[in-house]
Amino acid sequence: MAASHQRFSGYPRAREGPRTPLTRAVETNPELRGWPLVLAATAVTRLPFLAKATWTNAKFGITRNIPDLAGYDYCLHPVVTPLAADHGNQASALEVTPELFPPQPAALAGRFYSAADYHELYQSGKLTPLQVAQALMPLISRQQNGKYVSAWSETQIESVLSSAKASTDRYHQGKPLGLLDGVPVGVKEDTDVEGYTSYHGQRPEPSDPAFTPATKSVWPVARIQAAGAIVVGTLVMHELGSDVTGCNPRRGSPKNWNNTAYYTGGSSSGAGSALSAGLVPIAIGTDAGGSIRVPASFCGVYGLKPTLHRTCAMRSSICVTGPLAATAADLAVAYRLMTAPNPDDAIQFSFAASIPPSPTAKKTLGICQEWIDLASPVVRKSTKQAIDYFAQKLNYDVVDITLPYLYEGQLAHSAWALSELVEHTEARLKERTLSTVNYCNQLLLSVAGCTTASDILRYSQMRALHMEHLAFLFRKHPGLLIVTPTVPEAGWKVSPGDEAYGLNDGNLTIRMMMYIWLANSTGCPAVSVPVGYAEPDQGEGKLPIGLMAMGEWGCEEQLLSWAAEAEGYLNGSLQGGRVRPREWADVIELAANVDDESS
């Protein structure tokens, strides 16, 4: 929570927005898969008038007829930076020590392993990082066609084992680097890891100059590695990060181990899969339109979208790098390490450290009921039960709030995100852009190219409207967390044949992104936590349901505290507690069976 004396750079004017009805038009985007998708993509890429007609049908020109926008300035980059009170950098990120993050009770139902579990076993000598790495390689390596390989893009076995050996030696010498030393983690394949190639969900083409190994790890990854964590591989993603299913016909779609008849969500799909399978306690993803939070919800884990540029400055006004984790504690551990000030990044370095809320601070949840009511009945039920717990057991005040132009703002964000995708992809692939991406992305990139500079400016005015309205709410209700479902449905069904060419279902994509877009558009932080389960319509295994809280710029530690409280609800108050996937991998048990001497 931002303290009352918190200083900001770029904080919006606090101004209540207009009262507008929440109306959602009937979406008429065609659902495309198989040969109809191939034909549609081919036609749209070759016929500009058809691309423009598709753009218009998607209602991306919706902001052209909103008179209220005339009263708002352009906001092309929603950078709101909390500043230290002493006009200097507030140091360092908060502490990460074993005492602050102890293991969960051993008898806890549906228990996932945490960094604390690994650290405790390493320190006791009962297990070594090398044993864990050797146990994981057959499970995740494409060279060995492991059972859980669908989540993994690339694993460099020799490098992993070398890092695990170095960590093992540090423990034997009584000099571990800290809580994460020797803990396995994964990183989404659009994020640079030294020695690994960022494929962005595309099929690897060794001769393509766009696919070359990174010479250094991006800052948040480098900080995790400096703490001793072992990147055991890079994680697959929805190609280009362009949708929220995780379906990837070129690489193979990762499995949601809660129920393999449903998608993981995307675009950090491999991260959701690996965490749900128990392979790693922490993963690093990116989020421009829910790409951390949607897979966290569908896979039953925790995901944090930080304030824009909090972990590293990116060439985007909507995308951030952030953590996913199997437990709320590990989400906090990863976040604190990833946000250490980077002296070579002037924007990121200027952020004051996020501070945990005072135990005596007033706690307030903001509810936009008409927005929540658009979710499915089972998601609404889980949302209400969790909110009641926060109100009745944890003394949260619950206040009704209104949010203007939610439908229009979502469409503006979608068009903006696709416009950024065009620029980023063309800069990376150049003239090979359309020839190297799948049919879904051929269609999306061609349609996105119809967005004009005037449209971008109108979208930015819509952003300014929302930022000013949120500033008004945060000033009216200090410490406010705006709570919604993460997604309105408990999962996205896998359909037969999707793996051939992929699928494009714009109507369902827009629905699934109903709640997540606002944090991306405005730069606010948000976190997704599991709070319930639904019975499936197909396949075996219950479907996780996520709850999301969005807070004021810079309030990540408040969101992490809330996530820990939500974990208490999941483990202690929800009937049946947490549900662990049936094919969850007991990595610690497998590692214990590795011969340490031969290692």
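Model, not experiment: these values are computed from the prediction.

Focus: the overall build of the chain
Regarding its fold elements, the chain presents 21 helices and 15 strands. Its C-alpha atoms give the chain a radius of gyration of 23 Å, within 12% of the compact-globule value 25 Å for 599 residues. With the C-alpha coordinates aligned to their principal axes, the bounding extent of the chain is approximately 70 × 55 × 50 Å. Each of the 599 residues in the chain was classed as buried or not, and the buried ones make up 61%. Counting contacts in the chain only where the partners sit at least 6 residues apart, residues at least 24 apart contribute 80% of the total. As displayed, the chain has an accessible area near 22,100 Å², and 53% of this comes from carbon and sulfur atoms. For the chain, the centre of its 48 positive side-chain charges and the centre of its 56 negative side-chain charges are spaced 4 Å apart.

Side note on unusual backbone geometry
Following G266, the chain continues to S267 via a peptide bond in cis, the omega torsion being 15 degrees. Considering the arrangement of structural elements, one finds S267 in the loop between β6 (230-235) and α7 (269-276). Positive phi values are uncommon outside glycine, yet N145 reaches one of about 50 degrees. The phi torsion at Y405 lies on the positive side, around 50 degrees, for a residue other than glycine. Considering the arrangement of structural elements, one finds Y405 in the loop between β11 (397-400) and α13 (406-429). Overall, Y405 belongs to the buried group, its relative accessible area being 11%.

Quick word on the sheet that holds β6
If you walk across this open sheet you meet the eleven strands as β4-β6-β5-β7-β9-β8-β14-β15-β12-β10-β11, and the pairing is mixed. The open sheet has two edge strands with one neighbour each: β4 (152-154) and β11. Strand-to-strand twist in this sheet, taken as the mean axis angle between neighbours without regard to direction, amounts to 35 degrees. Judged from the eight bridges that link them, strand β14 (residues 526-534) and strand β15 (residues 543-550) form a sheet pairing that is antiparallel. If you follow P530 over to β15, its bridge partner there is G546. Relative to the sheet, helix α4 (residues 129-140) contacts β4, β5 (184-188) and β6, its axis offset from that of β6 by approximately 15 degrees.

Here's the deal with the packing of aromatic side chains
Following the criterion strictly, the structure yields 18 aromatic pairs and no others. Judged by centre distance (6.4 Å) and plane angle (70 degrees), the ring pair of Y113 and Y118 falls under edge-to-face. Their ring planes at 45 degrees and their centres at 6.2 Å tell us that Y118 and Y122 sit as a pair that is tilted. With Y118 and Y122 both in helix α3 (residues 115-124) and four residues apart, the pair spans about one turn of that helix. Residue Y118 shares its accessibility class with Y122, and that shared class is buried. One aromatic cluster is present, built from ring pairs that chain together F112, Y113, Y118, Y122, Y171 and W584. Here the guanidinium or amino end of R475 rests over the ring plane of Y11, the centre of that ring lying 4.4 Å away.

Concerning helix α16 (residues 453-476)
An ideal rise of 1.5 Å per residue puts 34 Å on 24 residues; α16 measures up with 35 Å between its terminal C-alpha atoms. Among the 24 residues of α16, 17 are classified as buried, and the element is accordingly described as predominantly covered.

Some remarks on the confidence of the model for the chain
On average, residues of the chain carry a pLDDT of 96, and 97% of them reach 70 or more. Per-residue pLDDT, averaged within each element of the chain, yields its smallest value for helix α14 (residues 433-436) (93) and its largest for strand β12 (residues 480-485) (99).

A short note on the nonpolar core
Counting residues in each nonpolar core, the largest one holds 95 residues, and the members touching the most others are L180, L279 and W562. Beyond its immediate sequence surroundings of up to four residues, W562 is in contact with L365, F390, Y396, L481, V483, V527, V529, L547, M548 and A549. With 54 residues, the next largest nonpolar core counts V399, I401, L403 and L465 among its residues.

Some details on the packing of α13 against helix α15 (residues 439-448)
It is at 9 Å that the axes of α13 and α15 come closest, and there the two elements cross at 105 degrees. Comparing the axis directions of α13 and α15 gives the class roughly perpendicular. Residue-level inspection shows L418, S419, L421, V422 and T425 of α13 in contact with α15, the latter providing L444, L445 and A448. Considered class by class, the residues forming the contact of α13 with α15 number six nonpolar, two polar and no charged.

Observations regarding the side chain of E556
By secondary structure assignment, the location of E556 is in helix α20 (residues 556-572). Engagement of the side chain of E556 in a polar contact is seen with the side chain of T307, the distance being 2.7 Å.

Structural notes on the pattern of salt bridges
Evaluation of the coordinates by the stated rule reveals 28 salt bridges. Between K188 and D190 there is a salt bridge, and its shortest N-O distance comes to 3.9 Å. In the salt-bridge network here, residues are joined through shared partners; they are R13, R15 and E468.

The rules behind each value
Starting from 1, residues in each chain are numbered consecutively following that chain's sequence as written. A pLDDT threshold of at least 70 governs which residues receive local features in this predicted model, and a stricter bar of 80 or more applies before side-chain atom pairs are shown or counted, although totals over entire chains, interfaces and linings include all residues. As a rule here, side-chain values come from all non-hydrogen atoms in the structure, and water together with hydrogens is ignored. Numbering of helices and strands starts at the N terminus; helices are DSSP runs of H or I of at least 4 residues and strands are runs of E of at least 2. The globule rule used for comparison is 2.2 Å times the number of residues to the exponent 0.38, while the radius of gyration itself is calculated over C-alpha atoms. Burial here depends on accessible area, computed with a 1.4 Å probe over protein chains only, as a share of the maximum for the residue type. Under 20% is buried, over 50% is exposed, and the range in between is partly exposed. By the convention used here, residues are in contact when the closest approach between their heavy atoms is within 4.5 Å. Values of accessible area rely on a 1.4 Å probe in the Shrake-Rupley scheme; residue burial ignores everything except the protein chains shown. Charge assignment: positive for Lys and Arg, negative for Asp and Glu; neither His nor the chain ends contribute. Where a charge sits is defined by one atom per residue type, namely NZ (Lys), CZ (Arg), CG (Asp) or CD (Glu). Pairing between two strands is assigned when DSSP locates at least 2 bridges connecting them. Lines fitted to C-alpha atoms define the axes, with helix axes restricted to the stretch in contact, and inter-axis angles between N-to-C directions lie between 0 and 180 degrees. Only rings of Phe, Tyr and Trp enter the pairing, Trp through its six-membered ring, and a pair is recorded when the two centres are within 6.5 Å. The plane angle decides the type: under 30 degrees is stacked, over 60 is edge-to-face, the rest tilted. Think of it as a cone above the ring: NZ of Lys or CZ of Arg counts as a charge over the ring if it is within 6 Å of the ring centre and within 35 degrees of the ring normal. Take the residue count of a helix, subtract one, and multiply by 1.5 Å to get its expected span. pLDDT is defined as a per-residue confidence score from the predictor, taking values between 0 and 100. We call a set of buried Ala, Val, Leu, Ile, Met, Phe, Trp, Tyr and Cys residues a nonpolar core when their side-chain atoms join them within 4.5 Å. Oblique is the label for every angle not falling under 35 degrees (roughly parallel), over 145 degrees (roughly antiparallel), or within 65 to 115 degrees (roughly perpendicular). Each residue is assigned to one class: nonpolar for Ala, Val, Leu, Ile, Met, Phe, Trp, Tyr, Cys and Pro, charged for Asp, Glu, Lys and Arg, and polar for all the others, Gly among them. We call two N or O atoms a polar contact when they sit within 3.5 Å, provided that within protein one can donate a hydrogen and the other can accept it, with sequence-adjacent residues counted only if both atoms are side-chain atoms. A side-chain nitrogen of Lys or Arg and a carboxyl oxygen of Asp or Glu constitute a salt bridge if their distance falls within 4 Å.

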